[in-house]
Amino acid sequence: MEMGQQLRGKVVAIAGASRGLGVVAARTFSEAGARVAMLARSRKRLEEEAASLGPSALPIVTDIGDPDSVRDAFARIGRELGRLDVLVNNAGVVPLASAEDATDEQIASAVGTNFLGPIYTMREAIPLLLGAGGGHIINVSTEATLYPEAPFLSLYASTKSGMETFSRAAYMELRPKNIHVTVLLCGVLGGSRDRPDGARPDGKGVVVAREEADLLRFAAALQASGHAAIFGAPGVELEEVAEAMLFLATRPSGVGIDRLHVRTHNEART
Ligand SMILES: NC(=O)c1ccc[n+]([C@@H]2O[C@H](COP(=O)([O-])OP(=O)(O)OC[C@H]3O[C@@H](n4cnc5c(N)ncnc54)[C@H](OP(=O)(O)O)[C@@H]3O)[C@@H](O)[C@H]2O)c1
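**Q** What is the right way to look at the nonpolar core in this model?
**A** The nonpolar side chains of a soluble globular protein tend to be buried with one another. Ile14, Phe29, Met38, Val88, Leu184, Val241 and Met245 are the most contacted members of the largest nonpolar core, which totals 35 residues. The greatest single-element share of this core, amounting to eight residues, is contributed by helix 8 (residues 238–249). The contacts of Val88, once residues within four sequence positions are left out, are Val12, Ala13, Ile14, Ala15, Phe29, Ile138, Val140 and Met245. Core analysis: the second largest hydrophobic core is formed by 27 residues, Leu58, Ile60, Ala91 and Met122 among them.

**Q** Please explain the environment of Phe29 as it appears in this structure.
**A** Among the structural elements, Phe29 can be located in helix 1 (residues 20–31). For Phe29 and Pro148, which are 119 residues apart along the polypeptide, the C-alpha to C-alpha distance reads 32 Å.

**Q** Help me understand the sheet that holds strand 3 (residues 57–61) in this model?
**A** Across a sheet, paired strands are connected by hydrogen bonds in the backbone, their directions being either parallel or antiparallel. If you trace the seven strands from one edge of the open sheet to the other, you get 3-2-1-4-5-6-7, paired in parallel fashion. In this open sheet, the two strands that pair with only one neighbour each are strand 3 and strand 7 (259–262). Adjacent strand axes in the sheet meet at a mean angle of 20 degrees, parallel and antiparallel pairs treated alike. Alignment of strand 2 (residues 35–40) against strand 3, held across five bridges, turns out to be parallel. Bridge pairing in strand 3 places Leu39 opposite Ile60. Packing of helix 4 (residues 104–131) onto the sheet brings it into contact with strand 4 (86–89), strand 5 (135–142) and strand 6 (179–186), and relative to strand 4 it is tilted by some 175 degrees.

**Q** What should I look at first to understand the packing of aromatic side chains in this one?
**A** By the definition in use, this model includes one aromatic pair. Between Tyr147 and Phe231 the ring centres are 5.9 Å apart and the planes differ by 85 degrees, which places this aromatic pair in the edge-to-face class. Here Phe231 lies in helix 7 (residues 228–231) and Tyr147 lies in the loop between strand 5 and helix 5 (154–174), a separation of 84 residues in the sequence. Residue placement shows Arg251 over the ring face of Phe247; its charged tip is 4.0 Å from the ring centre.

**Q** Where do I start with the side chain of Gln5 in this structure?
**A** Structurally, Gln5 can be placed in the segment before strand 1 (11–15). The class for Gln5 is buried, based on a relative accessible area of 15%.

**Q** Would you mind going over the pairing of strand 2 with me for this structure?
**A** For strand 2, the tally of buried residues reaches five of six residues, placing the bulk of the element in the interior. Bridge count for strand 1 against strand 2 is five bridges, and the pairing is parallel. Of the residues in strand 2, the one forming a bridge with Val11 is Arg35. Since strand 1 and strand 2 lie parallel, the crossover through helix 1 that links them has a hand, and here it is right-handed. Each parallel crossover has a hand, and the one from strand 2 via helix 2 (residues 43–53) to strand 3 is right-handed.

Calculation notes
- Residues numbered from 1 in each chain as written.
- Predicted model: local features only at pLDDT ≥ 70, side-chain atom pairs only at ≥ 80, totals over all residues.
- Heavy atoms only, no water.
- Core = buried A, V, L, I, M, F, W, Y, C linked by side-chain atoms within 4.5 Å.
- Buried < 20%, exposed > 50% of the residue type's maximum accessible area, 1.4 Å probe, protein only.
- Helix = DSSP H or I, 4+ residues; strand = E, 2+ residues; numbered from the N terminus.
- Contact = heavy atoms within 4.5 Å.
- Pairing = 2+ DSSP bridges.
- Axes fitted to C-alpha atoms, helices over the stretch in contact; angles between N-to-C directions.
- Phe/Tyr/Trp six-rings, centres within 6.5 Å; stacked < 30°, edge-to-face > 60°.
- Lys NZ or Arg CZ within 6 Å of the ring centre and 35° of its normal.
- Right-handed = clockwise from strand over helix to strand, strands pointing away.

Here it is in structure tokens:
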């Protein structure tokens with residue numbers, strides 16, 4: 001088979017595909033020959049990113065924290081793309097908050113997107129994956145789960161840890177059905193090799209799109225706690241992480257990889 005077209009005829013759904021890693025993953029899977037369902041809440045960004053990939057991409061406005069929205073999205077995938085071979089749970093939010101000052105909105109957003117979201121998407125994806133004879137589920141997590149004591153990251157770390165535990169259980173539950181579940185544990189993410197001003201405009205990695213005051217408070221707390229070298233490190237290129245996803249999605253069915261840790265080599269600490 002021609003290199004780079006390993007996924008011809010396959011369908012990949014990516015949650016969190018309106019910016020950052022999800023956009024680069026969508027392009028990587030599309031270049032590998034797959035049709036790609038791109039899920040996120042921001043209609044304009046999603047449609048622009050999908051349009052840039054051409055007819056192989058289907059943008060579906062979805063809030064993965066809302067089970068009805070997820071049901072509708074996967075019903076559309078079944079109707080319009082006819083099958084599903086790979087699900088990538090890449091959507092994530094990083095509310096910076098301590099236990100005593102987290103707002104209702106921050107708690108609901110972290111639990112809804114990071115923990116409940118992948119459970120909803122997996123539930124709806126499984127019948128489609130079974131219909132395709134099996135497949136791969138790739139759940140993106142973070143090194144924050146290795147440092148739950150890091151300041152202001154408790155909501156992020158705990159909801160992603162919950163997702164990791166659910167993934168481990170699902171790995172065993174779905175193994176006899178030829179559905180593979182992998183936790184893709186990522187170190188700090190950097191920019192895109194090919195899209196220096198597109199996929200990640202500010203190049204700040206884990207703390208993108210925050211109020212300046214929150215960022216300063218976070219940076220100072222990381223310095224004080226000794227976590228600055230971990231979370232302030234230069235990030236791994238998004239294309240490298242997307243290629244790790246492609247690697248996972250193209251393993252033969254006899255190979256089980258329940259966890260893969262990708263990070264910048266020079267910054268590896270754990
Ligand atoms: N950035 C890092 O340094 C880092 C490090 C380790 C792990 N990670 C993990 O890697 C993944 C990608 O990170 P990133 O930095 O590329 O993130 P990002 O640039 O902030 O993008 C997050 C994506 O998730 C989508 N999203 C958020 N909430 C959603 C919801 N409820 N429903 C549907 N889509 C939702 C966003 O789109 P909308 O806002 O349009 O919905 C966006 O497309 C995340 O899971 C993150 O936790 C990141």
